[in-house]
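Structural description and commentary
Single-letter residue listing:
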Amino acid sequence: GGSCAEGGAQLAGGRASSSISSAMLYQRLNDGPEVARPPAMATMPSDDIPPAAMFGRWDAAPDLERWLTCFYQYFELKGYKGVVATQLLHLAAVAFTIVFSFWLFFFVNWEAVMSCHSEESCRASSLVYSSPFEQIGVGRVIMMLCFMLLFAYWLASVVMAVFTLRDAAEMSHYYKERLGIVSDDALSAMTWSEVVSRLVEQQRASPFCIVQDELSALEIANIIMREDNFIIVLTNHRAFTSRLPRWIPARLVYTRAVLTCVRTAIFRWAFDSRGRLRRDFMDDPLSLGKRFRVMGLVSLPFVIPVSIFVTLVLFMRRAEEFRSHRTSPFRREWTDFAKWTFREFNEYPHHFKERMRCAQTVAEEYASCTRPATPVLDSFQRFVKFIAGSILAVLLIVALWDDTPLLFVKVQEKNLLWYLALFGFLFAVADNSGEDAAGGRAAPQAPAPSCTGAPLLMHAAMMRLVRCTHYYPMAWRAPAPLAVLAGGCNGLQRWGLRQDFES
C-alpha cells in the first residue's frame with residue numbers, strides 16, 4: 001500500500017486551484033461586518049424581516065468553522081451516544097495503556113519471571129516488587145518522566161473530552177429542536193446529504209451564519225474541510241517530503257504525532273480570530289520556517305514517551321485484531337501518506353473511509369493477480385498447516401483431559417503450553433493465506449477467478465484500483481499497448497509484463 005503512494009500526485013495543479021477557490025470562498029464568508037443580523041436585512045422593512053429575526057431566534061455561531069466541524073462530528077458519530085461512547089472509551093483505553101504499562105515496567109520482577117522454570121522456583125522468588133521505588137536508577141527515572149508526560153496527555157484528553165461532550169450536548173439540542181431529528185436512531189438512518197439539506201433550510205429560517213442569508217452545501221463543505229484541503233494541496237505539491245533525506249521515508253511525516261505538530265505550526269497561526277487568512281502568513285515564509293523549527297525543538301522531549309506509547313498501543317491493537325479477526329500479521333495496508341495522496345478536495349472522512357475500504361479489497365485482488373502461481377509455497381503452507389494442526393489436536397486433547405501436563409511436561413526445556421502457543425500461531429498464519437483482503441475467509445464454493453499470467457486482466461485489475469483510489473501516476477500506466485496486453489505476445493513477453501505490473 002505504501003509503495004502505491006510513491007510516484008507523486010499528477011493532478012496537483014488542478015486540485016490546488018480548487019483548494020484556493022475554496023479558501024477564497026470561506027474568506028468571503030468571514031469578511032462581512034460583525035453585526036447582529038445579516039447585512040442583507042439591514043435595509044429591509046420590518047414587515048419583510050423573517051419572524052425568527054424579529055423575536056431574536058438567531059442561532060448565530062461566533063466561530064462558524066468550529067461550529068460546523070462539531071455539527072459534522074456529531075453526524076459522523078451518529079448522535080450524542082456515539083460521541084459519549086467514543087470519548088469515554090478513548091479515555092479508558094489510554095488510561096489502561098498507561099496503568100498497565102506502568103505496572104509492567106515498575107512492578108514486575110522480570111529477572112524472576114525469566115528464571116522461573118518450575119513451580120518450586122516460581123514460588124521461591126517474588127514475581128512482583130513489593131517496593132518498586134526504593135532503588136531507582138537512571139533508566140527508571142527516565143521511564144518515570146515519560147509516564148508523567150503520558151499522564152499529562154491523559155489529563156489534557158480529559159479536558160478536551162469535557163469540551164467535546166459540552167459541544168455535543170448543544171448539537172444534540174440543535175439537531176432535535178432545529179432540524180427535527182429527534183433521536184440518534186433516526187440520525188443513524190439518514191445520509192449526510194439529507195442532514196445538510198435540513199441545515200441549509202434552517203439557515204434560511206433561523207440563520208447560524210449572520211454574514212449572508214443563505215449557505216449552500218458546497219460552502220458548508222468548504223468550511224468544514226478547509227484545513228484538510230490545505231493538507232491535500234501541500235501533499236500534492238510534496239511540500240513536506242520533497243527535501244527529506246533519502247533515508248527518511250515520506251510516510252513518517254504523515255504519522256498522527258508529526259501531522260498534529262504540522263497542523264499546529266500552520267493553522268494556529270495562519271488564521272486570525274475571525275478565521276481569515278493572515279496577510280503575513282502569505283508574505284513572510286521565513287516566519288513559518290521559524291515556527292517549524294520552534295515546534296521541532298518543543299516536540300523533541302516528547303519523542304521518547306510518544307514512541308513508547310505508540311509502540312505499546314500498536315502491539316496491543318495488532319494482537320487484539322489478530323486474535324479476534326484472525327487477520328494475517330503480514331497483511332498490507334495503506335499508509336497515511338498514501339491516504340492523503342488519494343484524498344479528494346471536500347471529501348468528508350466517512351466518504352473517504354468507505355472508498356478506502358473498497359480500495360483495500362481491490363488492491364489485494366490486484367496484488368494476488370500479479371503474484372505468480374507458486375505451487376511450492378502452496379504445498380509448503382498446506383504441509384505446515386497439517387503438521388501444526390495435528391500437534392494442536394493432540395495438545396488440546398491433553399488439555400481437555402488434564403491441564404497439568406501442559407505446565408510440567410517439558411520438551412527441549414519448554415513446557416507444552418509454549419508449544420501450544422507456537423503451533424497455534426503457525427497454524428493461524430498458514431490458514432490465513434487464503435483469506436480475502438477484508439479480513440474474512442474466502443468462500444470455498446465461489447473462488448475468485450485467477451488472472452495470473454494474463455496481462456490484460458492485470459491491466460483491468462489496475463483500472464479497478466484506479467477507480468477506487470482516484471490516483472493514476474505514470475508508474476501505474478500500462479507498460480504496453482492494449483493490443484499487446486490482449487494477447488499479442490508470447491510467454492516470455494507476458495512474463496516481462498507481469499514483472500512490470502508487479503513492480
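Residues numbered from 1 in each chain as written. Predicted model: local features only at pLDDT ≥ 70, side-chain atom pairs only at ≥ 80, totals over all residues. Heavy atoms only, no water.

**Observations regarding the overall build of the protein**
The helix and strand inventory of the protein stands at 23 helices and two strands. Each of the 503 residues in the protein was classed as buried or not, and the buried ones make up 35%. Contacts in the protein between residues far apart in sequence, at least 24 positions, make up 71% of those at least 6 positions apart. Summed over its atoms, the accessible surface of the protein is roughly 29,900 Å², and 64% of this surface lies on carbon and sulfur atoms. (Helix = DSSP H or I, 4+ residues; strand = E, 2+ residues; numbered from the N terminus. Buried < 20%, exposed > 50% of the residue type's maximum accessible area, 1.4 Å probe, protein only. Contact = heavy atoms within 4.5 Å. Areas by Shrake-Rupley, 256 points an atom, 1.4 Å probe, with all protein chains shown as cover.)

**Brief notes about the packing of helix 3 (residues 64-76) against helix 10 (residues 217-224)**
At a closest axis distance of 9 Å, the pairing of helix 3 and helix 10 adopts a crossing angle of 100°. Viewed along their axes, helix 3 and helix 10 adopt a mutual orientation that is roughly perpendicular. Contacts from Leu64, Glu65, Leu68, Thr69 and Tyr72 of helix 3 reach helix 10 at Ile220, Ile223 and Ile224. For the contact of helix 3 with helix 10, the per-class residue count stands at six nonpolar, one polar and one charged. (Axes fitted to C-alpha atoms, helices over the stretch in contact; angles between N-to-C directions. Parallel < 35°, antiparallel > 145°, perpendicular 65-115°, else oblique. Nonpolar A, V, L, I, M, F, W, Y, C, P; charged D, E, K, R; others polar.)

**Section: the nonpolar core**
Within the largest apolar cluster, 32 residues are counted, with the highest numbers of intra-cluster contacts made by Phe71, Tyr175 and Val195. Only helix 3, helix 7 (138-177), helix 9 (192-205) and helix 10 provide two or more residues apiece to this core. Per-element accounting of this core gives the leading share, eight residues, to helix 3. Discounting chain neighbours no more than four positions away, the residues touching Val195 are Phe71, Phe75, Tyr175, Leu179, Ile181, Leu187 and Met190. Among the nonpolar cores identified, the runner-up in size contains 19 residues, and Phe240, Leu259, Trp269 and Ala270 belong to it. (Core = buried A, V, L, I, M, F, W, Y, C linked by side-chain atoms within 4.5 Å.)

**Here we look at the confidence of the model for the protein**
Caution applies to low-pLDDT parts of the model: their predicted coordinates are not meant to be read in detail. Looking at the protein as a whole, the pLDDT averages 75, with 73% of positions reaching at least 70. Below a pLDDT of 50 lies the segment residues 1-28, which in the model reaches 60 contacts outside its immediate sequence neighbourhood of four places, other chains included. pLDDT under 50 marks residues 30-58. Its contacts with residues more than four places away, or in other chains, come to 37 contacts. (pLDDT = per-residue confidence, 0-100.)

**A closer look at the packing of helix 9 against helix 10**
Pairs of packed helices are described in terms of their axes, by the angle between the two and the distance that separates them. Packing of helix 9 against helix 10 leaves a shortest axis separation of 10 Å and a crossing angle of 105°. With respect to their mutual orientation, helix 9 and helix 10 come out roughly perpendicular. Side by side, helix 9 and helix 10 meet where Trp192, Val196, Leu199 and Val200 of the first sit next to Ala217, Ile220 and Ile224 of the second. Partitioned by chemical class, the residues of the contact of helix 9 with helix 10 number seven nonpolar, no polar and no charged.

**Description of the side chain of Asn222**
Counting through the fold element by element, Asn222 comes out in helix 10. A distance of 2.7 Å separates a polar atom in the side chain of Asn222 from a polar atom in the side chain of Asn346. (Polar contact = N/O pair within 3.5 Å; in protein donor to acceptor, adjacent residues only side chain to side chain.)

**Details of the environment of Lys414**
Topologically, Lys414 is positioned in strand 2 (residues 414-415). For Lys414, a relative accessible area of 36% puts it in the partly exposed group. Not counting chain neighbours up to four residues away, the residues in contact with Lys414 comprise Val409 and Tyr419.

**So, unusual backbone geometry**
One non-glycine residue, Arg238, adopts positive backbone phi at about 55°. Considering the arrangement of structural elements, one finds Arg238 in the loop between helix 11 (226-236) and helix 12 (256-270). Assessed through its relative accessible area of 23%, Arg238 is described here as partly exposed. For Asn346, which is not a glycine, the phi torsion comes out positive at approximately 60°. Here Asn346 lies in the loop between helix 16 (336-342) and helix 17 (349-370).

**Observations regarding helix 7**
In a regular helix each residue adds 1.5 Å, so 40 residues correspond to 58 Å; helix 7 covers 59 Å between its end C-alpha atoms and thus fits that length. If you check which residues of helix 7 are buried, you get Met143, Cys146, Phe147, Leu150, Ser157, Ala161, Asp167, Ala168, Met171, Ser172, Tyr174 and Tyr175. (Expected span 1.5 Å × (residues − 1).)

**Regarding the packing of aromatic side chains**
In this structure the tally under the stated criterion is 29 aromatic pairs. Seen in terms of ring centroids, Phe71 and Tyr175 are 4.7 Å apart; in terms of plane orientation they differ by 20°. Their pairing is stacked. One end of the pair, Phe71, is in helix 3; the other, Tyr175, is in helix 7, with 104 residues separating them in the sequence. According to the relative accessible area criterion, Tyr175 is buried, its value standing at 1%. With a centroid separation of 6.1 Å and an interplanar angle of 55°, the aromatic rings of Phe230 and Phe267 are classed as tilted. (Phe/Tyr/Trp six-rings, centres within 6.5 Å; stacked < 30°, edge-to-face > 60°.)

**Overview of the pattern of salt bridges**
Within this structure, the stated rule accounts for 11 salt bridges. Between Glu65 and Arg226 there is a salt bridge whose closest N-O contact spans 2.5 Å. Highlighted residues: Glu65 in helix 3 and Arg226 in helix 11, separated in sequence by 161 residues. Taking the relative accessible area as the measure of exposure, Arg226 reaches 5% and is therefore buried. With its nearest N and O atoms 3.4 Å apart, the salt bridge here joins Arg204 to Glu214. (Salt bridge = Lys/Arg side-chain N within 4 Å of Asp/Glu carboxyl O.)

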